[in-house]
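Here are the chains, one letter per residue:
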Amino acid sequence: GKADDALKRLDALLAKAPKATDALHLKGNLLQQSKGDLAGAAQAYRKELEVRADLPEAHAALIALAFAQRDIDGAAKQLEELKKVLPNHPQTKYFEAQVAFAKNDFTKARELLQPLLRAAPEHAGLLHLAGATEFKLNANAQAESYLTKAIQVAPNFAGARRVLAQVHLRARQTVVARVGGES
């Protein structure tokens, strides 16, 4: 609860060890989550990547920041940087699927998600993205299956519940949709 104190201590640590990637990442997280300083957070994550370009967490943080700001081109640009250093990393493929989805290339998103789902069938984020993708491709039964599983894994996942409600509405199951996917 004392973000300012934590940031002062991190700055003191970084003055002594400017290449401490964990400290840079924590600083970015604190700036983003506690202070709402997205530009400062992005700067910390970029410094982290200057020290070590193959840190998937730093790339992921920058991509997530771009998505939060609805900057699809920025997310795609950072994804290209990630692909240079970790082309086959699962997070690279996940973000590639997210960018494809954001660019309305749902077929590509589906193709990218299938091997990820086989490797991590209980990952709520993957299941949500897969469900949303199938919804966009009008594969309602598959969308419902993925989204239902996402909600089973993460019962408070509002995004998955929203898309599942859309699936039910499309299928004219308004009673189920009204209660957020619960029967």
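Residues numbered from 1 in each chain as written. Predicted model: local features only at pLDDT ≥ 70, side-chain atom pairs only at ≥ 80, totals over all residues. Heavy atoms only, no water.

Draft legend 1. Focus on the nonpolar core. In terms of nonpolar packing, the biggest core is built from 31 residues, with Ile63, Tyr94, Phe95, Leu113, Leu117, Leu126 and Leu147 touching the most fellow members. Secondary structure elements with two or more residues in this core: helix H4 (56-68), helix H5 (72-85), helix H6 (90-102), helix H7 (106-119), helix H8 (124-136), helix H9 (140-153) and helix H10 (158-170). Looking at this core element by element, the count peaks at six residues for H8. Leaving out residues up to four positions away in the same chain, Leu117 has contacts with Leu126, Leu127, Ala130 and Tyr146. (Core = buried A, V, L, I, M, F, W, Y, C linked by side-chain atoms within 4.5 Å. Buried < 20%, exposed > 50% of the residue type's maximum accessible area, 1.4 Å probe, protein only. Helix = DSSP H or I, 4+ residues; strand = E, 2+ residues; numbered from the N terminus. Contact = heavy atoms within 4.5 Å.)

Draft legend 2. Geometry of the pattern of salt bridges. Applying the stated criterion to the full structure yields 10 salt bridges. Residue Glu80 is joined to Lys83 by a salt bridge in which the shortest nitrogen-to-oxygen separation is 3.6 Å. You can see Glu80 and its partner Lys83 sitting in helix H5, three residues apart, about one turn around the helix. Note on Glu80: relative accessible area 40%, which makes it partly exposed. Between Glu81 and Lys84 there is a salt bridge, and its shortest N-O distance comes to 3.1 Å. Pair noted here: Glu81 and Lys84 are both in helix H5, with a separation of three residues, about one helical turn. (Salt bridge = Lys/Arg side-chain N within 4 Å of Asp/Glu carboxyl O.)

Draft legend 3. Structural detail: the packing of H6 against H7. Viewed as axis vectors pointing N to C, H6 and H7 meet at an angle of 155 degrees, and their least axial separation amounts to 8 Å. For the element pair H6 / H7, the angle class is roughly antiparallel. The handedness of the crossing between H6 and H7 comes out as left-handed. The residues of H7 that touch H6, namely those facing Pro90, Lys93, Tyr94, Glu96, Ala97, Ala100 and Phe101, are Phe106, Lys108, Ala109, Leu112, Leu113 and Leu116. (Axes fitted to C-alpha atoms, helices over the stretch in contact; angles between N-to-C directions. Parallel < 35°, antiparallel > 145°, perpendicular 65-115°, else oblique. Left-handed = near helix turned anticlockwise from the far one by under 90°.)

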